[in-house]
Amino acid sequence: TMPHSHPTNTSLSELHLTGIPGLQHLHHWISIPFCIMYLLTLAGNSTLLCVIKAEPRLHLPMFFFLSMLAVIDLVMSTSITPKMLGIFWFHLTAISLDACLTQMYFVHAFSVMESGVLVAMALDRYVAICNPLRYLSILTSPVVAAIGLAALLRAVVFMSPLTFQIRHLPLCSPAVVGHSYCEHMAVLKLACGDAAFSNTYSLSVSTYVGSLDSLLIALSYALILRAVLNLSSPQARKKAFSTCGSHLCVMALFYIPGLLSMYMERFHQELPPHVQVLLADIYLLIPPAFNPLIYGIKTKQIRDGARKVISR
């Protein structure tokens with residue numbers, strides 16, 4: 001049972017995260033894959049960053065975007081996983097309102113950033129495959145930096161109002177968030193005030209980012225496929241297909257569970273709460289663990305770079 005602090009409707013200073021509602025008895029088991037994925041995320045992304053930094057031949061736009069993705073993934077999973085494991089292992093459910101809002105800000109801002117970088121990576125592949133001779137003259141360092149900055153600014157502009165709104169909404173007790181991290185919709189359920197604006201705003205932003213970005217990605221991959229089908233050698237075609245295929249898998253893992261869990265929550269579809277929470281967790285845990293494997297190990301230059309760094 002959760003401690004019910006603040007019987008009155010004052011603004012709460014401390015909240016309690018339930019972990020995965022209804023599956024508390026399985027927390028120890030669930031923590032195992034979560035912990036493994038987090039360790040994979042830390043190892044994979046750090047290795048990727050070290051290899052790209054150490055190997056001058058990897059100082060190309062594609063790998064700069066990959067570095068941005070690695071940093072985002074490290075921040076995103078570190079903002080939720082240690083706390084989640086604390087809940088699973090030691091029942092440390094309490095979180096101060098400020099820590100909760102900070103976590104919410106980081107999780108949501110960095111997922112918007114990740115989405116922006118995935119679009120940049122799809123555009124990068126498009127230029128590399130459809131305009132190979134002009135690749136470096138189109139994606140110059142200032143252009144790459146500007147794209148990274150734009151992804152960052154968009155996330156800050158979209159996500160600051162969300163956190164700000166919740167900060168100013170009165171929250172009611174019991175201060176129990178039925179989630180394993182401070183997910184915006186889950187925290188919003190504690191609001192005693194009128195949360196309609198906050199609700200609509202978060203839904204609009206997520207829909208806009210999710211649909212616009214996945215459309216842009218789909219468009220660039222459609223153009224890439226068109227170019228690939230015109231390639232004469234079956235070898236080249238096979239290579240391009242396998243690269244694009246694995247990229248699209250990661251992107252599907254990133255967009256589908258995220259949008260699903262959000263719409264289910266919004267339209268009160270009768271999905272059991274634990275399924276909803278697991279969907280939201282998967283969307284933040286799986287891509288960061290698999291991005292370095294799919295983008296890194298499948299890329300010959302990174303394999304070679306890693307060998308060089310190791311042999312040094």
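- The protein chain appears in an unreviewed UniProt entry as Olfactory receptor from Atlantisia rogersi.
- The UniProt entry for the protein chain carries this comment under Function (unreviewed entry): "Odorant receptor."
- Quoted verbatim from the Sequence similarities (unreviewed entry) heading of the UniProt record, the comment on the protein chain is "Belongs to the G-protein coupled receptor 1 family."

1. Notes on the overall build of the protein chain
Point 1. From N to C terminus, the protein chain includes 10 helices and 3 strands.
Point 2. Reading the helices (α) and strands (β) of the protein chain from amino to carboxyl end gives β-α-α-β-α-α-α-β-α-α-α-α-α.
Point 3. Taking 20 Å as the expected radius of gyration for a compact globule of 312 residues, we find that the protein chain reaches 21 Å, a close match to that expectation.
Point 4. Along the first, second and third principal axes, the C-alpha atoms of the protein chain reach 70 × 40 × 35 Å.
Point 5. Taken across its 312 residues, the protein chain has 47% of its residues classed as buried.
Point 6. By element, 71% of the accessible surface of the protein chain is carried by carbon and sulfur atoms, the whole surface being about 14800 Å².

2. Regarding the UniProt feature "transmembrane region" (unreviewed entry) in the protein chain
Point 1. Per the UniProt annotation, the sites labelled "transmembrane region" (unreviewed entry) are residues 29-51, 63-92, 104-123, 135-157, 208-229, 241-263 and 275-297.
Point 2. Between the end C-alpha atoms of residues 63-92 there is a gap of 39 Å, over a span that is 93% helix and 0% strand.
Point 3. The span residues 208-229 is 100% helix and 0% strand, and its two end C-alpha atoms sit 31 Å from each other.

3. Structural notes on the sheet that holds strand S1 (residues 14-17)
Point 1. The strand order S2-S1-S3 describes an open sheet built from 3 strands, whose pairing is mixed. Whereas interior strands pair on both sides, the edge strands pair on one side only; in this sheet they are strand S2 (94-96) and strand S3 (176-177).
Point 2. Direction of pairing for S1 relative to S2: antiparallel, over a ladder of 3 bridges. When the sheet's bridge partners are listed, Leu15 is paired in S2 with Ile95.
Point 3. Across the sheet, helix H3 (residues 97-130) touches S1 and S2, and the angle it forms with S2 is around 85 degrees.

4. Let's talk about helix H2 (residues 61-90)
Given 3.6 residues per turn, any residue in an α-helix points the same way as the ones three and four places further on.
Point 1. For H2, built from 30 residues, the straight-helix expectation of 44 Å at 1.5 Å per residue is met to within 8% by its first-to-last C-alpha distance of 43 Å.
Point 2. In the structure, H2 departs most strongly from a straight axis at Thr78, where the bend amounts to approximately 35 degrees and where the proline Pro82 lies between one and four residues downstream.
Point 3. Within H2, 22 of the 30 residues are buried, leaving the element largely enclosed by the surrounding structure.
Point 4. Just downstream of H2 lies His91, where phi reads positive at about 55 degrees.

5. Things to note about the state of the cysteines
Point 1. The tally for this structure, following the rule as stated, stands at 2 disulfides.
Point 2. A sulfur-sulfur distance of 2.0 Å marks the disulfide that ties Cys100 to Cys182. Looking down the S-S bond of the Cys100 and Cys182 bridge, the torsion is -120 degrees, so its handedness is left-handed. You can see Cys100 sitting in helix H3 and its partner Cys182 sitting in the loop between S3 and helix H6 (184-188), a full 82 residues away along the chain.

6. Considering the packing of aromatic side chains
Point 1. In the structure shown here, the tally under the stated rule is 6 aromatic pairs.
Point 2. Between Trp89 and Phe90, the ring centres sit 6.2 Å apart and the planes meet at 80 degrees, which makes this aromatic pair edge-to-face.
Point 3. Three or more aromatic residues joined by ring pairs form one cluster here, namely Tyr105, Phe106 and Phe110.

7. Let's talk about the packing of H3 against helix H5 (residues 141-167)
The description of two packed helices rests on the angle between their axes and on the distance between the axes.
Point 1. In the contact formed by H3 and H5, the axes pass within 8 Å of each other and the chain directions differ by 150 degrees. On the basis of their axis angle, the class for H3 and H5 is roughly antiparallel. H5 is crossed by H3, and the crossing has right-handed handedness.

Rules of the game
Residues numbered from 1 in each chain as written. Predicted model: local features only at pLDDT ≥ 70, side-chain atom pairs only at ≥ 80, totals over all residues. Heavy atoms only, no water. UniProt positions renumbered as here; feature names shortened; annotations may be inferred. Helix = DSSP H or I, 4+ residues; strand = E, 2+ residues; numbered from the N terminus. Rg over C-alpha atoms; globule rule 2.2 N^0.38 Å. Buried < 20%, exposed > 50% of the residue type's maximum accessible area, 1.4 Å probe, protein only. Areas by Shrake-Rupley, 256 points an atom, 1.4 Å probe, with all protein chains shown as cover. Pairing = 2+ DSSP bridges. Contact = heavy atoms within 4.5 Å. Axes fitted to C-alpha atoms, helices over the stretch in contact; angles between N-to-C directions. Expected span 1.5 Å × (residues − 1). Bend = angle between axes of the 7 residues up to and from the residue. Disulfide = S-S within 2.5 Å. Phe/Tyr/Trp six-rings, centres within 6.5 Å; stacked < 30°, edge-to-face > 60°. Parallel < 35°, antiparallel > 145°, perpendicular 65-115°, else oblique. Left-handed = near helix turned anticlockwise from the far one by under 90°.

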